[in-house]
Amino acid sequence: MSKCVFCKVVRRELSAEIVEEDDHAVAFRDINPQAPVHILVIPKKHITALDKASEEDVLLLGHLLLMANRAANSQNLTSDYRVVINTGGGAGQSVFHLHLHVLGGRAMGWPPG
Ligand code: AMP
Ligand code: ZN
């Protein structure tokens with residue numbers, strides 16, 4: 001996945017403000033934040049979107065959720081944050097490497113736009 005922007009972040013070919021990292025995933029600040037806290041959590045493995053994940057990814061998907069919570073905690077959010085996965089262009093996905101948005105630090109409306 002030589003051209004994928006988030007694979008480049010994983011390979012350190014693109015700079016990012018990383019807040020959490022382990023063998024399987026990276027969390028870094030969104031370049032265009034939509035809330036005072038806006039972090040992206042991505043798997044190091046290239047998965048295009050949630051609808052392309054499979055049973056072999058079951059542990060990885062749980063791992064991403066736990067890293068999302070740790071990333072929120074690292075920003076002093078122990079609760080009152082939102083985790084979003086846009087899946088497909090019609091749902092707002094613009095980068096086709098699976099990512100979880102962790103948003104917090106302001107009131108969150110519902111339903112989301
Ligand atoms: P989505 O629209 O759900 O695919 O979200 C993609 C997100 O990636 C957007 O919020 C962008 O602001 C963010 N983004 C794109 N490129 C970068 C980058 N190089 N570093 C950090 N965030 C990025
Ligand atoms: Zn990728």
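Up top is the structure these notes are about.
Described in the following lines is the structure provided in the data block.

### A word on the environment of N69
Here comes step 1: Relative to the helices and strands, N69 resides in helix α2 (residues 58-74).
Here comes step 2: N69 sits 33 residues away from V102 along the chain, and the two C-alpha atoms are 8.4 Å apart.

### Some points on unusual backbone geometry
Trans peptide bonds make up the majority, and among non-glycine residues the majority have a negative phi.
Here comes step 1: Going from W110 to P111, the amide bond is cis rather than trans, its omega being 0°.
Here comes step 2: Mapped onto the fold, P111 is located in the segment after β5 (100-104).
Here comes step 3: Phi angles above zero are rare outside glycine, and D80 is one such case at about 60°.
Here comes step 4: Following the sequence through the fold, D80 ends up in the loop between α2 and β4 (81-84).

### Focus: the packing of aromatic side chains
Here comes step 1: Inspection of the entire model under this criterion finds one aromatic pair.
Here comes step 2: Between F6 and F28 the ring centres are 5.4 Å apart and the planes differ by 80°, which places this aromatic pair in the edge-to-face class. You can see F6 sitting in helix α1 (residues 5-10) and its partner F28 sitting in strand β2 (residues 25-29), a full 22 residues away along the chain.

### Considerations on the site of ligand 1
Here comes step 1: Around ligand 1 there are 16 residues in total, and D30, N86, G92, S94 and H101 lie nearest to it.
Here comes step 2: S94 is positioned with one of its backbone polar atoms (N or O) 2.6 Å from an oxygen atom of ligand 1.
Here comes step 3: In this structure, an oxygen atom belonging to ligand 1 sits 2.9 Å away from a side-chain N or O atom of H99.
Here comes step 4: When ligand 1 sits alone it has 500 Å² of accessible area, and the protein chains cover 84% of it.
Here comes step 5: For the shell around ligand 1, the secondary-structure elements that each account for two or more residues are α1 and β2.
Here comes step 6: Per-class residue counts for the shell around ligand 1 are seven nonpolar, seven polar and two charged.

### Some words on the environment of L98
Here comes step 1: Note on placement: L98 falls in the loop between β4 and β5.
Here comes step 2: For L98, the contacting residues outside a window of four places in its chain are V41, I42, P43, I47, T48, A49, L50, L61, L64 and I85.

### Remarks on α2
Here comes step 1: Taking 1.5 Å per residue, 17 residues should reach 24 Å; α2 reaches 25 Å between its end C-alpha atoms and fits that length.
Here comes step 2: Where α2 ends, the next residue or the one after it, N76, has phi of about 70°, a positive value.

### Details of the sheet that holds β5
Note: strands within a sheet are paired through backbone hydrogen bonds, in either parallel or antiparallel orientation.
Here comes step 1: The strand order across the open sheet built from five strands is β1-β2-β3-β5-β4, with neighbouring strands paired in antiparallel fashion. In the strand order of this sheet, the two ends are held by β1 (18-21) and β4, each with one partner. With direction set aside, neighbouring strand axes in the sheet form an average angle of 20°.
Here comes step 2: Sheet topology places β4 next to β5; four bridges connect them, and they run antiparallel. Of the residues in β5, the one forming a bridge with Y81 is G104.

Definitions and cut-offs
- Residues numbered from 1 in each chain as written.
- Chains lettered and ligands numbered in written order.
- Predicted model: local features only at pLDDT ≥ 70, side-chain atom pairs only at ≥ 80, totals over all residues.
- Heavy atoms only, no water.
- Helix = DSSP H or I, 4+ residues; strand = E, 2+ residues; numbered from the N terminus.
- Phe/Tyr/Trp six-rings, centres within 6.5 Å; stacked < 30°, edge-to-face > 60°.
- Near = heavy atom within 4 Å.
- Polar contact = N/O pair within 3.5 Å; in protein donor to acceptor, adjacent residues only side chain to side chain.
- Areas by Shrake-Rupley, 256 points an atom, 1.4 Å probe, with all protein chains shown as cover.
- Nonpolar A, V, L, I, M, F, W, Y, C, P; charged D, E, K, R; others polar.
- Contact = heavy atoms within 4.5 Å.
- Expected span 1.5 Å × (residues − 1).
- Pairing = 2+ DSSP bridges.
- Axes fitted to C-alpha atoms, helices over the stretch in contact; angles between N-to-C directions.

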